[in-house]
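Listed below, chain by chain, are the residues.
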Amino acid sequence: MISPDLHTGMVLAGILGLLIGSFLNVVIYRLPKMLERQWAKDYQEWAGTTEATSDAFNLLTPSSHCPSCATPVRWHQNIPVISYLFLRGRCGNCRASISSKYPLVELATAGLFALCVARWGWTSAAALWCVFSAALLALAMIDWETTLLPDVIVLPLLWIGLVAADLHWTQTSLPDALWGAIGGYLSLWSVYWAFKLATGKEGMGFGDFKLLACLGAWFGWQMLIPLILLSSVVGTLVGLALTWRRELREGGYMPFGPFLAGAGFLCLAIGPSYVLTSLGL
């Protein structure tokens, strides 16, 4: 039975998760575009070409606006979930449809934050796992939409996992976290090169290596096999479903990052020890 104090903490964490989820939507949409602009700028500098400087574009500028009519989103139209329901999923000005992805990301973040408080209480450990959850959710969504796993999120999360293990902020010891990071990277790196040598094609991106290394740093090397098994099974089932519905992307590929992230969320929700026991490991 949940105590009243813990219940209050979960509610507060959920409200904070809604607010953070709203910001994650900005990150998910803008960060890939920011990277593309930076890559274009780097190429222009390398090629010795110059172009007119475009308007500032980052996580804060320009302010939120409708992509269809460019009307700025007012504060009362930007309340997580509530504004989407009040506007019935449409722009308040031009009535263009707004993707349901936005409230779903906000609700998912709220649920993950409440879960962290339910497991660890209103503690620094819960705050740490909230950071992990928010970053992993952003990575999963960005990878699904763009097949990118930005280093600017993956690498800090990897280092946070290692530092947290060293400071005993997680249940993973530093040796387990370190070998989890090393084993996670090398395992998918080996699969990548074996597949490429056998077929001449690239089966996954380098971001997948780094993401599994990140998960290994947080959960330990013991969880690498379960993480790969769970993500592969779910990925296969989703791929078959998309093939049956003829919704698979051109080329028949799917990003692997969202399924690795899903396996990470499962370990977060039920605990690594229960996952290992369930799989007989």
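The structure presented is a predicted model; accordingly, all values stated were derived computationally and were not measured.

1. Examining the overall build of the protein chain
Broken down by element type, the protein chain carries 10 helices and 0 strands. Listing each helix as α and each strand as β along the protein chain from the N terminus yields α-α-α-α-α-α-α-α-α-α. Its C-alpha atoms give the protein chain a radius of gyration of 20 Å, within 12% of the compact-globule value 19 Å for 281 residues. Projected onto its principal axes, the C-alpha positions of the protein chain cover 60 × 55 × 40 Å. Here the protein chain holds 281 residues, and 39% of them are scored as buried. Across the protein chain, the fraction of contacts at a sequence separation of at least 24, relative to all contacts at a separation of at least 6, is 71%. Per element, the accessible surface of the protein chain, about 16,200 Å² overall, is 65% carbon and sulfur. Treating the 16 positive side-chain charges of the protein chain as one cloud and the 16 negative ones as another, the clouds have centres 11 Å apart.

2. Section: a nonpolar patch on the surface
Taken together, Leu 174, Leu 178, Trp 179, Ile 182, Leu 186, Trp 189, Trp 193, Leu 197, Phe 206 and Trp 221 make up a surface patch of nonpolar side chains, about 1,000 Å² in accessible area. The dominant element in the nonpolar patch, judged by the number of residues it contributes, is helix H6 (residues 174-199), at 8 residues. Tracing the backbone through its elements, the reader meets Leu 174 in helix H6. A relative accessible area of 33% means that Leu 174 is categorised as partly exposed.

3. Some words on the packing of aromatic side chains
If you walk through the whole model with that rule in mind, you get 13 aromatic pairs. Ring geometry for Trp 129 and Phe 132: centres 5.1 Å apart, planes at 75°, overall edge-to-face. Placement of both Trp 129 and Phe 132 in helix H4 (residues 124-146) is noted, with a separation of 3 residues, approximately one turn of the helix. Note on Trp 129: relative accessible area 5%, which makes it buried. With a relative accessible area of 0%, Phe 132 lands in the buried category. With a centroid separation of 6.3 Å and 90° between ring planes, the pair formed by Trp 144 and Phe 259 is classed as edge-to-face. Here the residue Trp 144 occupies a position in helix H4, and Phe 259 occupies one in helix H9 (residues 257-270), the gap between them amounting to 115 residues. Overall, the relative accessible area of 9% leaves Phe 259 in the buried class. A network of ring pairs unites the aromatic residues Trp 120, Trp 129, Phe 132, Trp 218 and Phe 219 as a single cluster. Positioned over the ring face of Phe 57 is Arg 30, at 5.6 Å from the centre of the ring.

4. Remarks on the confidence of the model for the protein chain
When pLDDT is averaged along the protein chain, the result is 88; 94% of the residues meet or exceed 70. Helix H10 (residues 272-278) is the least confidently modelled element of the protein chain, averaging 76 in pLDDT, while helix H5 (residues 151-166) averages 96, the highest of any element.

5. Points about the environment of Leu 60
Counting through the fold element by element, Leu 60 comes out in the loop between helix H1 (4-47) and helix H2 (82-86). Judged by relative accessible area, Leu 60 falls into the exposed class, the value being 72%. Measuring from C-alpha to C-alpha, the distance between Leu 60 and Arg 30 comes to 9.6 Å, with 30 residues separating the pair along the chain.

6. Focus on helix H7 (residues 206-219)
Compared with an ideal rise of 1.5 Å per residue, which puts 14 residues at 20 Å, H7 spans 20 Å between its outermost C-alpha atoms and is within 8% of the ideal. Within H7, 12 of the 14 residues are buried, leaving the element largely enclosed by the surrounding structure. Residues Gly 207, Asp 208, Phe 209, Leu 211, Leu 212, Ala 213, Cys 214, Leu 215, Gly 216, Ala 217, Trp 218 and Phe 219 constitute the buried set of H7. Against H4, H5, H6, helix H8 (224-244), H9 and H10 lie the buried residues of H7. Once H7 finishes, Gly 220 follows within two positions and takes phi at roughly 95°, a positive value.

7. A closer look at the packing of H4 against H7
At their nearest, the axes of H4 and H7 sit 13 Å apart, and the two run at 160° to each other. Considering their axes alone, H4 and H7 lie roughly antiparallel with respect to each other. Relative to H7, the crossing made by H4 is left-handed. Counting all contacts with H4, which are made through Leu 128, Trp 129, Phe 132, Leu 136, Leu 139 and Asp 143, the residues of H7 involved are Asp 208, Leu 211, Leu 215, Trp 218 and Phe 219. Its residues assigned to classes, the contact of H4 with H7 shows 9 nonpolar, no polar and 2 charged.

Rules used throughout
Residues numbered from 1 in each chain as written. Predicted model: local features only at pLDDT ≥ 70, side-chain atom pairs only at ≥ 80, totals over all residues. Heavy atoms only, no water. Helix = DSSP H or I, 4+ residues; strand = E, 2+ residues; numbered from the N terminus. Rg over C-alpha atoms; globule rule 2.2 N^0.38 Å. Buried < 20%, exposed > 50% of the residue type's maximum accessible area, 1.4 Å probe, protein only. Contact = heavy atoms within 4.5 Å. Areas by Shrake-Rupley, 256 points an atom, 1.4 Å probe, with all protein chains shown as cover. Lys, Arg positive; Asp, Glu negative; His and termini not counted. Charge placed at Lys NZ, Arg CZ, Asp CG, Glu CD. Patch = residues over 30% accessible without salt bridge, like charges linked within 9 Å, V, L, I, M, F, W, Y side chains within 5 Å. Salt bridge = Lys/Arg side-chain N within 4 Å of Asp/Glu carboxyl O. Phe/Tyr/Trp six-rings, centres within 6.5 Å; stacked < 30°, edge-to-face > 60°. Lys NZ or Arg CZ within 6 Å of the ring centre and 35° of its normal. pLDDT = per-residue confidence, 0-100. Expected span 1.5 Å × (residues − 1). Axes fitted to C-alpha atoms, helices over the stretch in contact; angles between N-to-C directions. Parallel < 35°, antiparallel > 145°, perpendicular 65-115°, else oblique. Left-handed = near helix turned anticlockwise from the far one by under 90°. Nonpolar A, V, L, I, M, F, W, Y, C, P; charged D, E, K, R; others polar.

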